[in-house]
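Geometric and topological summary
Here's the letter readout for the chains.
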Amino acid sequence: MLDVSNLPLPSWIEKGFVEQWDQLRSYFVGVAHHASTSSEEFSGVLAALERFVLDRLKPRTYSEHATLDALIKEAEGRG
């Protein structure tokens, strides 16, 4: 399941995610086996992979970090 709602995705959306993953995987397998690529292309595909993975992290906790930091500072008397 690739959705944070824990509900099944429509098959056409899931298929799109699988195809995107397959394309990313194929690119990196090719590069690992000495396929030719430019640093610009590699950086772009790496950024796409990062977005793909980060969009699927559950739960998305980074937005709470600022709140947690503020609470810790307040509890420690630094806020």
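Residues numbered from 1 in each chain as written. Predicted model: local features only at pLDDT ≥ 70, side-chain atom pairs only at ≥ 80, totals over all residues. Heavy atoms only, no water.

1. Some points on the packing of aromatic side chains
In this description, a pair of aromatic rings is defined by centroid distance and the angle of the planes. We apply this condition: When the centres of two rings from Phe, Tyr and Trp lie within 6.5 Å, Trp using its six-membered ring, the rings pair. Their planes under 30 degrees apart give stacked, over 60 give edge-to-face, and anything left gives tilted. The secondary structure listing takes helices from DSSP runs of H or I that are at least 4 residues long and strands from runs of E that are at least 2 residues long, numbered from the N terminus. Burial here depends on accessible area, computed with a 1.4 Å probe over protein chains only, as a share of the maximum for the residue type. Under 20% is buried, over 50% is exposed, and the range in between is partly exposed. Whether a charge sits over a ring depends on NZ of Lys or CZ of Arg being within 6 Å of the ring centre and within 35 degrees of the ring normal.
By the definition in use, this model includes five aromatic pairs. Ring centres 6.5 Å apart and planes at 85 degrees place the aromatic pair phenylalanine 17 and phenylalanine 52 in the edge-to-face group. Here phenylalanine 52 lies in helix H2 (residues 39-54) and phenylalanine 17 lies in helix H1 (residues 11-32), a separation of 35 residues in the sequence. By relative accessible area, phenylalanine 52 is classed as buried at 7%. Clustering of aromatic rings is evident, with ring pairs tying together Phe17, Trp21 and Phe52. The cationic tip of arginine 56 hangs over the ring face of phenylalanine 17; the distance from NZ or CZ to the ring centre is 4.1 Å.

2. What to know about the pattern of salt bridges
Our working definition: One speaks of a salt bridge when a side-chain nitrogen belonging to Lys or Arg is within 4 Å of a carboxyl oxygen belonging to Asp or Glu.
Throughout the structure, instances matching the rule amount to one salt bridge. Taking the shortest distance from any N to any O, the salt bridge between glutamate 19 and lysine 15 comes out at 3.9 Å. Taken as a pair, glutamate 19 and lysine 15 lie in helix H1 at a separation of four residues, close to a single helical turn. Residue classification places glutamate 19 among the partly exposed positions, given a relative accessible area of 40%. A relative accessible area of 54% means that lysine 15 is categorised as exposed.

3. Side note on the packing of H1 against H2
Angle between the axes and distance between the axes are the two parameters that describe a pair of packed helices. Note the cut-off: A fitted line through C-alpha atoms serves as each axis, taken over the contacting stretch for helices, and the angle formed by two N-to-C directions is quoted from 0 to 180°. Angle categories are assigned with fixed cut-offs, so that under 35 degrees is roughly parallel, over 145 is roughly antiparallel, 65 to 115 is roughly perpendicular, and the rest are oblique. Each crossing gets its hand from how the near helix is turned against the far one by less than a right angle, where anticlockwise is left-handed and clockwise is right-handed. In this analysis, two residues are considered to be in contact whenever any of their non-hydrogen atoms come within 4.5 Å of each other.
At their nearest, the axes of H1 and H2 sit 11 Å apart, and the two run at 140 degrees to each other. As far as their axial angle goes, H2 and H1 are oblique. As H1 packs across H2, the resulting crossing turns out to be left-handed. Taken together, the residues of H2 that come into contact with H1 (itself represented by Phe17, Gln20, Trp21, Leu24, Tyr27, Phe28 and Val31) are Glu41, Phe42, Val45, Leu46, Ala48, Leu49 and Phe52.

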